[in-house]
Amino acid sequence: MSSLTWVLAVLLVTPAASYFIHVDANEEQCFFDRLTSGTKMGLMFEVAEGGFLDIDVKITGPDNKEIYKGERESSGKFTFAAHMDGIYTYCFGNKMSTMTPKAVMFTVEITEPHQQAPGAAASQDAADNAKLEEMVRELSSALMSVKHEQEYMEVRERVHRNINENTNSRVVMWAAFEAFVLVGMTIGQVFYLKRFFEVRTMV
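Computed from a predicted model, the values in this text were never measured in an experiment. (Residues numbered from 1 in each chain as written. Predicted model: local features only at pLDDT ≥ 70, side-chain atom pairs only at ≥ 80, totals over all residues. Heavy atoms only, no water.)

*Asks:* How should the packing of aromatic side chains be read in this particular structure?
*Replies:* Taken as a whole, this structure holds ten aromatic pairs when the rule is applied. When the ring of Phe 45 is compared with that of Phe 92, the centres are 6.1 Å apart and the planes differ by 65 degrees; the resulting orientation is edge-to-face. Of this pair, Phe 45 sits in strand 3 (residues 40–49) while Phe 92 sits in strand 7 (residues 86–93), and the two are 47 residues apart along the sequence. Here Phe 45 and Phe 92 have matching classes, each one buried. An angle of 35 degrees between the planes, with centres 4.9 Å apart, marks the rings of Phe 92 and Phe 106 as tilted. Taken together, the positions of Phe 92 in strand 7 and Phe 106 in strand 8 (residues 102–111) put the pair 14 residues apart, joining distant regions of the chain. Site record: aromatic cluster; members linked through ring pairs are Tyr 19, Phe 31, Phe 45, Tyr 90, Phe 92 and Phe 106. (Phe/Tyr/Trp six-rings, centres within 6.5 Å; stacked < 30°, edge-to-face > 60°. Helix = DSSP H or I, 4+ residues; strand = E, 2+ residues; numbered from the N terminus. Buried < 20%, exposed > 50% of the residue type's maximum accessible area, 1.4 Å probe, protein only.)

This is the structure we're talking about:
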């Protein structure tokens, strides 16, 4: 029972955080996390608003080595293991745009490498505990992915709702303009025909 409690305690403290940022035109915003070698870091992102819903993404290590680079991406997910201790940088760039700012939602999940509990013996019980821990880790990761997908679905729903509302307002305005033009043309034709018959009568 104590082994299961220890496993759950380790899993529940896995750091994960979601952020919502605005990246102005011709701007790049960077964020930093200090990782130890072997630590896994997952980055999920989605562009919620702005232009063609695209953003440049870049992840670099402490040695300035490029780990990941994506251009004009609308959404994505990338997971990697830190190859050395130090500060890892991930940036969102909107330098391709000259006027339109972008709204980006992203989530960072950091999983510390598994370490065997002090004094654990290489026995069947230890192997069973390690297997149980691995299964719970996978379950925790799956639940976290579901949570992230729900958050992104909320963002997508809001984006699509805004598009529908804008389209609806434009359709209403266009319909009102067409009605105004139709009424104007009708009145113009009535006056034109009236004048035409008045001229024929005088003749």
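*Asks:* Can you walk me through the UniProt feature "transmembrane region" (unreviewed entry) in the protein chain in this structure?
*Replies:* Residues annotated in UniProt with the feature "transmembrane region" (unreviewed entry) correspond here to residues 171–193. Taken as a whole, residues 171–193 contains 100% helix and 0% strand, while its terminal C-alpha atoms sit 33 Å from one another. (UniProt positions renumbered as here; feature names shortened; annotations may be inferred.)

*Asks:* In this structure, what is going on with the state of the cysteines? I would like to understand it.
*Replies:* As used in these notes, a disulfide is a covalent bond between sulfur atoms, one from each of two cysteines. One pass over the structure, following the stated rule, counts one disulfide. The residue that forms a disulfide with Cys 30 is Cys 91, at a sulfur-sulfur distance of 2.0 Å. Of note, the bridge from Cys 30 to Cys 91 carries an S-S torsion of about 110 degrees and is right-handed in sense. Taken together, the residues span a long stretch of sequence, with Cys 30 in strand 2 (residues 28–35) and Cys 91 in strand 7 at a distance of 61 residues. Overall, the relative accessible area of 32% leaves Cys 30 in the partly exposed class. (Disulfide = S-S within 2.5 Å.)

*Asks:* What is the right way to read the nonpolar core from this model?
*Replies:* Looking at soluble globular proteins, one finds that nonpolar side chains tend to be buried together. Among the nonpolar cores identified, the biggest contains 20 residues, and Leu 43, Tyr 90, Phe 92, Val 104 and Phe 106 are the most heavily contacted of them. When contributions to this core are tallied by element, the ones reaching two or more residues are strand 1 (16–23), strand 3, strand 4 (55–60), strand 7 and strand 8. Here Tyr 90 is in contact with Gln 29, Cys 30, Phe 31, Phe 32, Asp 33, Met 41, Leu 43, Lys 58, Ile 59, Phe 106 and Val 108, once residues within four sequence places are set aside. (Core = buried A, V, L, I, M, F, W, Y, C linked by side-chain atoms within 4.5 Å. Contact = heavy atoms within 4.5 Å.)

*Asks:* Is there a simple way to explain the confidence of the model for the protein chain in this structure?
*Replies:* Low pLDDT marks stretches whose predicted atomic positions should not be read closely. Per-residue confidence for the protein chain gives a mean pLDDT of 81; residues scoring 70 or more make up 85%. When pLDDT is averaged over each helix and strand of the protein chain, the minimum, 45, is found for helix 1 (residues 2–12) and the maximum, 96, for strand 7. Per-residue pLDDT stays below 50 along residues 1–13; that stretch engages in twelve contacts with residues further than four places along the chain or on separate chains. (pLDDT = per-residue confidence, 0-100.)

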